[in-house]
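A structural walkthrough
Residues per chain, in single letters:
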Amino acid sequence: MERRMKFQGPGTDLVDRFLIRLAEMKAAPDGILEKVDIRKKQGQLVVRKSNTLNCPFSAYSHQVLDLLIIELTEQNGLRSKSDYHLTVTIPLHTILEYMAIPQTKASRDETVKRLKKEMELLSSISLAWVEIEKNNGKEERKSYDNVKPISGWAIKKGTLIATFGEKFGDYLINSHLTSYPAALLKLGNRDATAYFVGKKLAYHAGLKNNINKGSNECISVRALLASVPTIPTIDEVDADDPGHWRRRILEPFEKALDKLSKEGFITWSYCGRGRSKIDDLDGWKSNIYSFQNLYINFKVKL
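Along every chain, residues carry numbers that run from 1 in the direction the sequence is written. Reporting in this predicted model follows two pLDDT cut-offs: at least 70 for local features of residues, and 80 or more for side-chain atom pairs to be given and counted; totals over whole chains, interfaces and linings ignore these cut-offs and use all residues. Side-chain calculation: all heavy atoms of the structure are included, whereas hydrogens and water are not.

Our focus in this paragraph is the overall build of the protein chain. Counting from the N terminus, the helices are DSSP H or I runs at least four residues long and the strands are E runs at least two residues long. If you tally the helices and strands in the protein chain, you get 13 helices and 12 strands. Taken over 302 residues, the protein chain has a buried fraction of 50%. Every residue pair with non-hydrogen atoms within 4.5 Å of one another is taken to be in contact. Across the protein chain, the fraction of contacts at a sequence separation of at least 24, relative to all contacts at a separation of at least 6, is 65%. Surface accessibility in these figures is a Shrake-Rupley result with a 1.4 Å probe; residues are shielded only by whichever protein chains are displayed. Working note: accessible area of the protein chain is about 15300 Å², and carbon and sulfur atoms make up 49% of it. Note on classification: 1.4 Å probe, protein chains only; a residue is buried when its accessible area is under 20% of the maximum for its type, exposed when over 50%, partly exposed between these limits.

What follows is the structure, given as structure tokens:
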């Protein structure tokens, strides 16, 4: 399985979740939103003067951003932190190849059309969030404000050219360097939930700190669910579909893991903390609160 290097951090996870939330937002009558705030515990999103909010957001949007970050990573991975470049170029045929889209004129035309909508939106949003960092055993709050993922872009002569916002680019350059399975880019067009689950597992498995602690192949259900924006939270389920957490959360969660297993991406099983054996799995899955305390023992296949 081909693997690419990719910068990753809480800020990139935040962008993923906000892009999904954008799909739920309603545009003004004239199709233009001057400013929209989404306030959650983990951050704030501002959208300015975008007329693309009605475009169908899917994993495709995230794949494009992932591919741009991969190119940024490979372009700057070995450079001095004071000598990095924030503009990346990706030929359209490369985008089609990685996403398993046919190399036809119709496919290229449709890809350009979608890229224009999504790049316009990525260049019209800004983010703010706070991260808790530990320094010598003490927790420190680090704030990020008015962070633009993309500051400029163009499609010229069959090539996507994109420039990362300075703050976001600097954040990425100084974030974790992880291994990203290229097969995820193909999967996203077919199953968005499996795409996000696989992306989180690959990130978790590749973190040096997790490897050093021996925890890189075990993750809590709670943490994995929190990283999958296509699966609602229990609060969201209780608000609009009370009593159906198994159908809304458990079933799509397990379906995504099984999909990744069938695709040859992972092997997985439930376990307890520290990979302890689970004797009564049905009991653990009897309610959302005990279910979230389970763990996933997994291995990403290379």
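Compared with the 26 Å implied by 1.5 Å per residue over 18 residues, the 25 Å span of helix H4 (residues 105-122) between its first and last C-alpha is a close match. Taken as a whole, H4 has its buried residues at Ser107, Thr111, Val112, Leu115, Glu118, Met119, Leu121 and Leu122. What a helix should span is 1.5 Å times the count of its residues minus one.

So, about the nonpolar core. Residues grouped as a nonpolar core are buried Ala, Val, Leu, Ile, Met, Phe, Trp, Tyr and Cys residues, joined through side-chain atoms within 4.5 Å. Leu68, Phe164, Phe253, Leu257, Tyr270, Phe291 and Ile296 are the most contacted members of the largest nonpolar core, which has 76 residues in total. Counting residues per element, this core draws most heavily on helix H2 (residues 59-76), which supplies eight residues. Ignoring anything within four residues of it in the chain, the contact list for tyrosine 270 reads Val221, Leu250, Phe253, Glu254, Ile278, Leu281, Lys285, Phe291, Leu294, Tyr295 and Ile296.

Fitted lines through C-alpha atoms serve as axes, helices being fitted only where they are in contact, and the angles separating the N-to-C directions of these axes extend from 0 to 180 degrees. The contact between helix H7 (residues 192-206) and helix H11 (residues 245-262) brings their axes to 8 Å, and the two run at 70°. Viewed along their axes, H7 and H11 adopt a mutual orientation that is roughly perpendicular. Residues Thr193, Ala194, Val197, Gly198 and Leu201 of H7 pack against Pro252, Ala256, Leu257, Lys259 and Leu260 of H11. In this classification, Asp, Glu, Lys and Arg are treated as charged, Ala, Val, Leu, Ile, Met, Phe, Trp, Tyr, Cys and Pro as nonpolar, and every other residue, Gly included, as polar. For the contact of H7 with H11, a count of residues per class yields seven nonpolar, two polar and one charged. Relative orientations are named as follows: roughly parallel for angles under 35 degrees, roughly antiparallel for angles over 145 degrees, roughly perpendicular for angles from 65 to 115 degrees, and oblique for any other angle.

The subject of this paragraph is the side chain of asparagine 216. Tracing the chain through its elements places asparagine 216 in the loop between helix H8 (208-213) and strand S10 (218-220). Classification of asparagine 216 as buried rests on a relative accessible area of 16%. Not counting chain neighbours up to four residues away, the residues in contact with asparagine 216 comprise His204, Ala205, Asn210, Ile211 and Phe298.

When DSSP finds two or more bridges between a pair of strands, those strands are recorded as paired. One open sheet accounts for three strands, arranged S10-S12-S11; its pairing is antiparallel. One side of each edge strand has no neighbouring strand; the edge strands of this open sheet are S10 and strand S11 (266-271). The sheet shows a mean angle of 30° between the axes of neighbouring strands, direction not considered. As paired strands, S10 and strand S12 (residues 295-300) are joined by three bridges and run antiparallel to one another. Residue pairing across strands places serine 220 opposite tyrosine 295, the latter belonging to S12. Together, S10, S11 and S12 form the strand contacts of H7, whose direction differs from that of S12 by roughly 80°. The sheet strands contacting H11 are S11 and S12, and the helix crosses S11 at an angle near 140°.

Here the focus is the confidence of the model for the protein chain. Predicted confidence across the protein chain gives a mean pLDDT of 82, with 81% of residues reaching 70 or more. Predictor confidence is given residue by residue as pLDDT, running from a minimum of 0 to a maximum of 100. In this model, residues 26-41 is a region of pLDDT below 50 whose contacts with residues beyond four sequence positions or in other chains number 37 contacts.

Time to look at the sheet that holds strand S4 (residues 87-91). The three strands are arranged S4-S8-S7 in an open sheet whose pairing can be described as antiparallel. The sheet is open, and its two edges are formed by S4 and strand S7 (150-156), each paired on a single side. Across the sheet, the axes of successive neighbouring strands diverge by a mean angle of 15°, strand direction being ignored. Alignment of S7 against strand S8 (residues 159-164), held across six bridges, turns out to be antiparallel.

In the sections that follow, a salt bridge refers to a side-chain nitrogen of Lys or Arg positioned within 4 Å of a carboxyl oxygen of Asp or Glu. Taken as a whole, this structure holds nine salt bridges when the rule is applied. With its nearest N and O atoms 3.1 Å apart, the salt bridge here joins glutamate 217 to lysine 299. In this pair, glutamate 217 is assigned in the loop between H8 and S10 and lysine 299 in strand S12, connecting sequence segments 82 residues apart. Taking the relative accessible area as the measure of exposure, glutamate 217 reaches 22% and is therefore partly exposed. Between aspartate 241 and arginine 248 there is a salt bridge whose closest N-O contact spans 3.4 Å. Among the ionic contacts, a cluster of salt bridges with common partners joins Asp240, Asp241, Arg247 and Arg248.

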